[in-house]
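Chain by chain, the residues:
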Amino acid sequence: MIKEGKIGVSEAMFLVVVAISNRVFFTAPAVVVKAVGTSGWYMALVADLTAIVFFCFVYLLLKRFPDMNLIDIFSVCFGKVLGFLFSFLYAGSFVIVCGVLLREFIDVLKVYVFDSTPLSVLAGSVLAVIMAAAFLGLETIARVARMAGFIMLAGLIALMCMAAPQFKLDNIFPVGGYGFGKTLFEGLTRSSAYSEVIVLGIVAGALQGAPHIKKAGFSALVLSGIVLSGILLGVELVFPYYSLQELTSPLYELARIITFGTFFQRMDPIFLFIWIITTTVSSSILFYCAVSSYCKAFKLSDTRPVIIPIAVIVFTFVIQQRDIIVVVDKLIEALRISPVLLFYILPAAALITAVIRKKKGGEQAIGNS
Amino acid sequence: MGTADQKRRVQSRACAGALYLLTKAIPVLLACCLACASLCACYDAKEIDNWAYVYAIGVDKGVADAFRFTVQIPTAKGSQSGSNDHTASGSQNTSVGTQKENFVVITVDCPTLYAGVNMVNTSVSRTLNYMHAKIVVISEELAKEGVSTVINSIRRAREIRRTMHMVVAKGEASKFIKEFSPMLEASIPKVQESMMDQEKGTGLFDEITLGCFINDLKSTKSQPSCALAALNHYTGEKTDALALKQVRESGDYYAGEAPISGGNAFEFLGTALFNGDKMVGELGADETRVMLMVKNDFQTGAITIQDPTYEDLFVTAMVMVHRSPEIKASIVDGKPVIRVRLYLEADLVSLQSDVNYETESLKPILEEAFRSYLTEKLDHTISKCQALDCDAFGFGTKAARNFPTIQSWEDYNWNTHFKEAQVTTDIEFTLRRMGTVMRTNPVKTVEEQDE
């Protein structure tokens, strides 16, 4: 049993909000607008609603097995072999999600800022911080996430306010984008954008019971939905859809075009500060979940011996990708579907299995026996 | 016994020491070493004096290669007295440099901007950097052939900012860049910023950023336009009395024609109109102003018209936008129907005649004169743009509201339907203030006083 410590509702909420909202800094807005056009901002809300529905299953499962995390619940519901397999899949998925996030971050960073710095130096630097965070444990990551969450929200609100003079309402017309049906379909499939809410299931033991998970999970999804939708609306109001689709990092471009007279301009260094902090925290959360899932799958009580090997795997994954096109067109697109299956469908299947097999946890199980 | 205890104590002290070294001292030492490494600056750090910051980029059709890029770089020597112009020829006559006062202009023929950067870097001790470039000037000749290749070749680089100003220059861009130097300012970037800010006070040219130009280039809702500039060779200055009889209103001038002598050799006047990536026409001073009024980009400008009472006298008003324009676009039987309503107000700043327009009975005559002048200009400008297939007003952005989806909008193909648009215009014009004079009394001659 890993000693993860205890975290509060707001810390858990910001763990999820930072992990989810971080994607707006990179290629996501352009990819979304390419898929649905001008309706991207409300497609994010459709995706959010879908994620909330799926999270209900996760919450009901965690409520049925109090004081247990998803990895332990899988063993109870699916048996040891299948439970181990799914837990291992979770660990592997977190490694991949963390690797893809890091590679996307580093590629965008190289495009806009550190064009001469080798990829391995950037990846190594970020991974060193992530490893240090993993060594310090969940409590530290959660507290930093809460702080980073406030910084991120304040930064994004400031960015939108400063970009407001450049908003053009005409840019969001035709309001239906590439069709309402397509928007709905993309909203359902892109609900994976919110799949990081599953982090609460992995660290459920550190939260104080199902009511806290419910509060943290639903409030995090609502807040993340507002952030993603708001940012998408903001960039759509500034860049028309045909231009937005072309940009590597629309939010960074937005920061670059802010001007108030001749004195107050070139705000991108401030934005960069928020961007790097948030991404480091976000990838630390995902990395910790990979380590935690792995240790829980193998019943290891100490995470420290696993941190360096998993970091090496993530580093290898990051530097192995051929180019930014592979990352954006293949890996990120693949991550659109697989998290839905793994992070939404699997807990729902576990819940159904638990109901059918009448499996319960905690006092309910004792009561039944 | 005592010796064994002593031995154990020594051993335990040694273990504690080793443990201390492993857990505290070595990590702290390693951390210090890593921190020292970070003090050497960033991996790819370059000092400010390693860079040559380009302030202006000019693009012409090339002679030795596809394009001729011209860059204006400050010398970082400070302002020098006296003339120290000199020209240096590069290899194969593809690179030419001219130093004038405190900046140097380098011209290079190359296929892309970055190929040119590398070529220039072979003869300049500093590395060219476009991070602070404020203006990109494209020659009219190149603009008429198409600018998409140039724009595509420069926009991808991280150093090129979308906030740069986009300008089309009549004649050669390289010559324009050479003359684009400060007259009243010591700083080149300051003069460039101030020059572009003049649009806010005059409305005589369309100040467009590279980002906006790129947006319009890809737009399904409008066509691109940008500021038009030219070197003024003072040919517009009239010196003979005969020329004075050919009165031309200030709003009728096009870039390079303003009757000015002295001052800077360059001027920004009018708008370059594009159909796709090709320049197809230009707008003059007042045409640009009415276009900016419709786009809600007009702030203020002095507009001069003939006095409604005396045709040989003139009236000037400082015109401002009272509120945002109302533009309604609908599609009737497949054709666009656009209704434009502008709300303008003005302060009277110059009245040559002694007609008492300040009175309630005569003020409407002057307001009507301004209103009809501007309406005529607006109608003429819209017709001109329709004839050129160029929706520089962005009416398409309003028309798009009538379509539920992007597919239906793109299938309609606004840019081909713009010429069929039936546009009705209406201007509400109010003279708010009469300047420092509230009443114009007639000049009293001896004869009049005798009567």
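On a predicted model such as this, the values are computed, not experimentally measured, just so you know.

**Notes on the domain arrangement of chain B**
Residues and elements named next belong to chain B.
Right, so step 1: According to the domain assignment, chain B consists of domain 1 (48–283) and domain 2 (296–444).
Right, so step 2: Buried area between domain 1 and domain 2, both sides added, is near 1900 Å², and the carbon and sulfur share of it is 52%.
Right, so step 3: At the boundary of domain 1 with domain 2, the tally comes to zero salt bridges.
Right, so step 4: Joining domain 1 to domain 2, the criterion identifies six residue pairs in polar contact (both at pLDDT 80 or more).
Right, so step 5: Of all the elements in the fold, those that place two or more residues in the side of domain 1 that touches domain 2 are α6 (188–202), β12 (266–275) and β13 (278–283).
Right, so step 6: Residue composition of the side of domain 1 that touches domain 2, by class: seven nonpolar, 11 polar and six charged.

**Some remarks on the sheet that holds strand β17 (residues 422–433) of chain B**
Residues and elements named next belong to chain B.
Right, so step 1: Read across the sheet, four strands follow the order β14-β15-β16-β17 without closing on themselves; strand pairing throughout is mixed. Each edge of the open sheet is held by one strand with a lone partner, namely β14 (300–306) and β17. Ignoring strand direction, the axes of neighbouring strands in this sheet form an average angle of 35°.
Right, so step 2: Looking at chain direction, strand β16 (residues 335–351) and β17 are connected through 11 bridges and run parallel. Bridge pairing in β17 places Val340 opposite Thr425.
Right, so step 3: Set on the sheet, helix α10 (residues 363–387) makes contact with β14, β15 (314–332), β16 and β17; between it and β17 the angle comes to about 150°.

**Regarding empty space enclosed by the protein**
Residues and elements named next belong to chain A.
Right, so step 1: Within this structure, the stated rule accounts for four cavities of 30 Å³ or more.
Right, so step 2: Its boundaries defined by the atoms lining it, the largest cavity holds a volume of some 530 Å³.
Right, so step 3: For the lining of the largest cavity, the secondary structure elements donating two or more residues are α2 (28–36), α3 (40–64), α5 (80–112), α10 (210–238), α13 (268–297) and α15 (324–356).
Right, so step 4: Looking at the lining of the largest cavity, the element that brings in the most residues is α15, giving six residues.
Right, so step 5: Considering only residue class, the lining of the largest cavity consists of 22 nonpolar, five polar and six charged.

**Quick word on the layout of surface pockets**
The method is simple in principle: a probe with the dimensions of a water molecule rolls over the atoms, and the space it marks as empty is what remains.
Right, so step 1: Of the volumes computed, that of the second largest pocket is approximately 900 Å³.
Right, so step 2: Elements with a minimum of two residues in the lining of the second largest pocket: α2, α5, α12 (250–256) and α15 of chain A together with α7 (210–217) of chain B.
Right, so step 3: Residue classes in the lining of the second largest pocket are distributed as 13 nonpolar, three polar and 13 charged.

**A closer look at the interface of chain B and chain A**
Right, so step 1: Counting residues at the interface gives 30 residues for chain B and 36 residues for chain A.
Right, so step 2: Summed over both partners, the interface of chain B with chain A comes to about 2800 Å²; 49% of that surface belongs to carbon and sulfur atoms.
Right, so step 3: Of all residues in chain B, the largest losses of buried area upon contact with chain A belong to Arg158(B), Arg161(B) and Ile406(B), amounting jointly to 26% of the total for that side.
Right, so step 4: At the boundary of chain B with chain A, the tally comes to six salt bridges.
Right, so step 5: One salt bridge in this structure joins Asp170(A) and Arg401(B), with 2.7 Å as the shortest N-O distance.
Right, so step 6: Applying the counting rule to chain B against chain A returns 20 residue pairs in polar contact (both at pLDDT 80 or more).

Conventions used here
- Residues numbered from 1 in each chain as written.
- Chains lettered and ligands numbered in written order.
- Predicted model: local features only at pLDDT ≥ 70, side-chain atom pairs only at ≥ 80, totals over all residues.
- Heavy atoms only, no water.
- Domains from an automatic or database assignment.
- Buried area = accessible area lost by both parts, 1.4 Å probe.
- Salt bridge = Lys/Arg side-chain N within 4 Å of Asp/Glu carboxyl O.
- Polar contact = N/O pair within 3.5 Å; in protein donor to acceptor, adjacent residues only side chain to side chain.
- Helix = DSSP H or I, 4+ residues; strand = E, 2+ residues; numbered from the N terminus.
- Nonpolar A, V, L, I, M, F, W, Y, C, P; charged D, E, K, R; others polar.
- Pairing = 2+ DSSP bridges.
- Axes fitted to C-alpha atoms, helices over the stretch in contact; angles between N-to-C directions.
- Contact = heavy atoms within 4.5 Å.
- 1 Å grid on protein atoms, 1.4 Å probe; cavity = no way out; pocket = protein on both sides within 12 Å on 5 of 7 lines; lining within 4 Å.
- Points joined across faces, edges and corners; volume = space filled by probe spheres on them.

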